[in-house]
Structures are given as structure tokens and as C-alpha cells.
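The lines below spell out each chain.
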Amino acid sequence: MKGPRIAVRAAVALALAGTLVTACGAGDGDSKTLTWSMWADGGEEHQVWHALAERVSREDPQIAIKLETSSFNDYFAKLGTRFGSGDAPCIVSMQSLRTAGYTRGMLPLDDLIAKNNFDVTDFDKSIMEGLSVGGKQYALPYDFGPVILTYNKGIFRNAGVPEPKPGWTLAEFESAARKLTGDRKYGFVAAPQDLWMFPMVLTKTGARPTDGAGRLRLTTPAMTRGVQWYADLAGRKKVAPRVPASDPAFFAERMFLSGDVAMSASGPWALLNLKNQAGFQVGLTTIPAGPDGSRTYSAGSGFGISKSCPDPERAFKAITLMTAKKQLKWLGGVGRAYPSRESAQHAWYEGARLAGAREVLEAANATSIPLRTTKHWEQVNHLLNQSGAQLFSGASSAKQVLEQVQRQAGQG
């Protein structure tokens, strides 16, 4: 298993090596450095974003970018603090699920888009909408994608369970999870995270966490029933591990990469980590179909400009270069992004080299809807994480937890 991992890492290193130049050499005395804040969980992700900054500086020597990174868990808390103190970075990375909560510190891009005649028609419309609030565009997207299931081919093979195909059902999913559980392995990993939990609830009962107008709706009968079913996979049916009381965020991703679980929700944006950190062969399939077929959410991220940026024109030029077709093809090729530009998406498939990947993503895209969130979604997610251990152990019911989160978060 070590051979393929070393080969992939070498390929990524080779792809990055040609882009790494020093920022101070990127421009002449007229260049101004733009600070860019981005999340990165691991050295390989940091390398990719550093390389992107340097690629932009090579494209336009008048632009130099200083990259700052922090873990995804810390990124948004730090960003909120910096918005409040007025010293936010010029270039702000933003996730569609959290955009509504951070518009107070971000500059709407609509005037800059119009002034520069910047063509946005190549960007996927759903992620452009996801990065907009109140009809205003706050970021240009670099990636998007539907939530799908990743699976460990080796665990399926060793258990004699057929690999799941697009269009499989929840009954088939639960049957497989039972057969794959045993010998210190679990069939699935469940977690109280938005992009892990709510797509499974959506396909099970059709429940959505908001009403689409920014109001939280966690206590409907369909939501309660769906979350209880999801939590029972760990607490009652024992086909998923218990969620830890401490540090539950990204628990599902860590467990899947460890090789101890057979299936996990994920998305095409995670390909870099799946290829470089998983010591096993990864397969992809759709979220299993419930009563109304396979249903899932889409999400993505992009780059915006802070209101405190002293040079928004230069920052806008930088983010247009960061999201240009050339750069998104590169990001797709190394596995860090399923490109937001339709003309660049082929690079992800060519770089992924995963059998059936196109069939899975096209099927998922056909049924996905944007995950609409609330202004204080970060608080909602935090409260769900706080209650995760009790919910997934069976100590608290979904009704109890969801009512508490709804009460504490208000309208969200």
C-alpha cells in the first residue's frame, strides 16, 4: 500500500515544484503585497495554496500575495475576530455554507465585476448563488461539488460485499454496513457535521435544516426522524463508531482515512487528501436513494475581498486570476478542487483516475441542491458538535438535541 501513496505524493510534489518561486521576486518596486487568508489542514494543502499564489504572481508580476493559513476548524472564528478589529486580510476565502454570516466584513463584488466587464458565465450557477447573499455576489468560486459517498474497496473485497453502484438504495446501504462491520472495522462513519449528516437526512426523509429564507428549521417531524435514524447507525445499530466528546469536527474524515471504516460522506474537493493520505484504494458512489431517489446537497468555496482592503482593484484582479480557467484546471488536476468553471472540470477527472468517477459525479450533480444555511450557521454547527457524543451514543434523542440547538440558535 505504501508504493501508490509515495507515487501520488511524488506526482503532486512534481506538479507543485514548477510553481514555487519567492514572493519577493514576483514583482518589481511597484508591486504591492496582498494578504490572503485560507484554510489548510496539512502540509500538502498549504503547498497547493502557496503554489497558487505564486502562479498568480508569475501571471501578473504587479501582484504579490502573502498566504496565511489556519485549520478549517479555526479559520472562521479567526476571520470573524479580524473583521471585528478591522485588520482582515485583503483576499478572504469563503465557503458557501458560511457566506451569510460574514458579509459584514466583505465587499460586494458586483460593481467590480461590472466595471471590469468580468465574464462569470463559465462559473457553475449554483455555486455563484451559494456565494451570494441578498442578491449580492461576495466571492468568485474556485470549486463546488455534490456530497457523495467514498468507500474503502479493500474492506468491501475482504468482506465479500459487492461495491455500491450509483442509484443504490438506503436498504442496500444498511445491509452493506451491517456486513462490513466487525473485526474492529465499521461499515460507515456518521458525524454531526453539516455536509456529512444533512445529505443523508435529506435522502432519508426529505428534511432540510432551513426554510430557504435563512430561518432555521431543525424541529420538524421529518428532520427529527431523519437525524434519529442517522444517529442510530452508531448508537443503536452499531454499524458506525461513537462520536468522541472532544474534537468531533472532521471525525468522519479522520476515521475514513485511518482505514477503520468502509464508507463515509465526502465530496470531490477532498480528492487531494484521499489520494495522498488513504493507504487503500478509494471508490466513489452516490448517496443511497431514499423514498424519493438519491438526494444530496452541493457546496463550494471561493475568494472575496474584505472591506478593510486598501486596494480592492488589485485584490479583484488577483481573485480573477486565482479563479481563471488556467488555474482551476491546475487545481483540478492536483485534486484540490472540482473546478467551478465548467470548461475546467475535465482536469479533475483526468487527475483523479478513479474508475466510474464521472458517472458518480454526473449522477450526483443531477439531483443535488445547494445547502441553504442561516446567518449564524457557524453557531448551529458548533452546537451540533457539542451535542454529538450524547446524540450518537443514544444518551440523548434527536428530538432533545434538535430542540436544544433550535432554542439556543434561535432563527439561526
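Refer to the structure printed above.
> Go over the pattern of salt bridges with me, naming the residues and quoting the values.
A complete count under the given rule lists 20 salt bridges for this structure. Among the salt bridges present, the one from D232 reaches R236, with a minimum N-O distance of 3.6 Å. Using a relative accessible area of 16% as the deciding quantity, one classes D232 as buried. Residue R236 is classed as exposed on the basis of its relative accessible area, which comes to 57%. Via salt bridges that share partners, E68, R82 and D87 belong to a single interconnected network.

> Got a sec to walk through the packing of aromatic side chains? Specific residues and values, please.
Going through the model one piece at a time under the given rule, you end up with 25 aromatic pairs. Where W36 meets W49, the ring centres are 5.9 Å apart and the plane angle is 85°; that geometry is what we call edge-to-face. Note that W36 is positioned in strand 1 (residues 32-39) and W49 in helix 2 (residues 43-59), a separation of 13 residues in sequence. We classify W49 as buried; its relative accessible area is 0%. Ring geometry for W39 and F76: centres 5.6 Å apart, planes at 35°, overall tilted. Of this pair, W39 sits in strand 1 while F76 sits in helix 3 (residues 72-85); the two residues are 37 residues apart in sequence, bridging distant segments of the chain. Exposure class is identical for W39 and F76. Each is buried. Grouped by ring-pair contacts, the aromatic residues W39, F72, Y75, F76, F83 and Y102 constitute a single cluster. The residue whose ring lies beneath R98 is F76, and the NZ or CZ to ring-centre distance is 5.5 Å. Its guanidinium or amino end placed over the ring of F123, R341 lies 4.3 Å from that ring's centre, counting from NZ or CZ.

> Go over unusual backbone geometry with me, naming the residues and quoting the values.
The backbone phi angle of R184 is positive, close to 65°, even though this residue is not glycine. Positive phi, normally seen in glycine, also occurs at K238, with a value near 60°. If you trace the backbone, K238 turns up in the loop between helix 9 (221-235) and helix 10 (251-258).

> Residue-level account of helix 12 (residues 312-322), with values.
Counting buried residues in helix 12 gives eight out of eleven residues, a clear majority hidden from the surface. Three or more residues of helix 12 are buried, namely R314, A315, F316, A318, I319, T320, L321 and M322.

> Tell me about the state of the cysteines, and please be specific about residues and values.
For the coordinates displayed, the defined rule picks out one disulfide. Here C90 connects covalently by a disulfide to C309, the sulfurs 2.1 Å from one another. Residues C90 and C309 are joined through a disulfide that is right-handed, its torsion about the S-S bond being 90°. Taken as a pair, C90 in the loop between helix 3 and strand 3 (91-95) and C309 in the loop between strand 10 (296-305) and helix 12 lie far apart in primary sequence, 219 residues in all. Among the residues examined, C90 registers a relative accessible area of 8% and is labelled buried.

> Go over the pairing of strand 8 (residues 263-266) with me, naming the residues and quoting the values.
Burial along strand 8 is two-sided: the face carrying M263 and A265 and the face carrying S264 and S266 are both buried. One ladder, built from four bridges, connects strand 7 (residues 148-152) with strand 8; its direction is antiparallel. Note that in strand 8 the partner of I148 across the bridge is S266.

> Give a description of the sheet that holds strand 7 that names residues and reports values.
Hydrogen bonding along the main chain pairs the strands of a sheet, whether they run parallel or antiparallel. With antiparallel pairing, the three strands of this open sheet are ordered in space as 8-7-9. Strands with a single pairing partner mark the edges of an open sheet, and in this sheet they are strand 8 and strand 9 (282-285). With direction set aside, neighbouring strand axes in the sheet form an average angle of 30°.

> Can you break down the pairing of strand 9 residue by residue, with the values?
Both faces of strand 9 are covered, namely the face carrying V282 and L284 and the face carrying G283 and T285. In this structure, strand 7 lies alongside strand 9, joined through four bridges in antiparallel fashion. Bridge pairing in strand 9 links N152 to V282.

Criteria and cut-off values
As a convention, each chain's residues are numbered from 1 in the sequence order in which they are written. Local features in this predicted model are restricted to residues whose pLDDT is 70 or higher, and side-chain atom pairs enter the listing and the counts only when it is 80 or higher, whereas totals over whole chains, interfaces and linings include all residues. Each side-chain value is derived from all of the structure's non-hydrogen atoms; neither hydrogens nor water enter the calculation. Every case where a carboxyl oxygen of Asp or Glu lies within 4 Å of a side-chain nitrogen of Lys or Arg is listed as a salt bridge. The buried label applies to any residue whose accessible area, calculated with a 1.4 Å probe on protein chains only, is under 20% of its type's maximum; exposed applies above 50%, and partly exposed to all values in between. Aromatic pairing here means that ring centres of Phe, Tyr or Trp (its six-membered ring) are within 6.5 Å. Orientation follows from the plane angle: under 30 degrees is stacked, over 60 is edge-to-face, and everything else is tilted. Secondary structure elements follow DSSP: runs of H or I of four or more residues count as helices, runs of E of two or more count as strands, with numbering from the N terminus. We call a charge positioned above a ring when the Lys NZ or Arg CZ atom is no farther than 6 Å from the ring centre and deviates by at most 35 degrees from the ring normal. Throughout, disulfides are identified as pairs of cysteine sulfur atoms within 2.5 Å of each other. Two strands qualify as a pair provided that DSSP identifies no fewer than 2 bridges between them. Helix axes use the C-alpha atoms of the stretch in contact, all axes being lines fitted to C-alpha atoms, and the angles between their N-to-C directions lie in the range 0 to 180 degrees.

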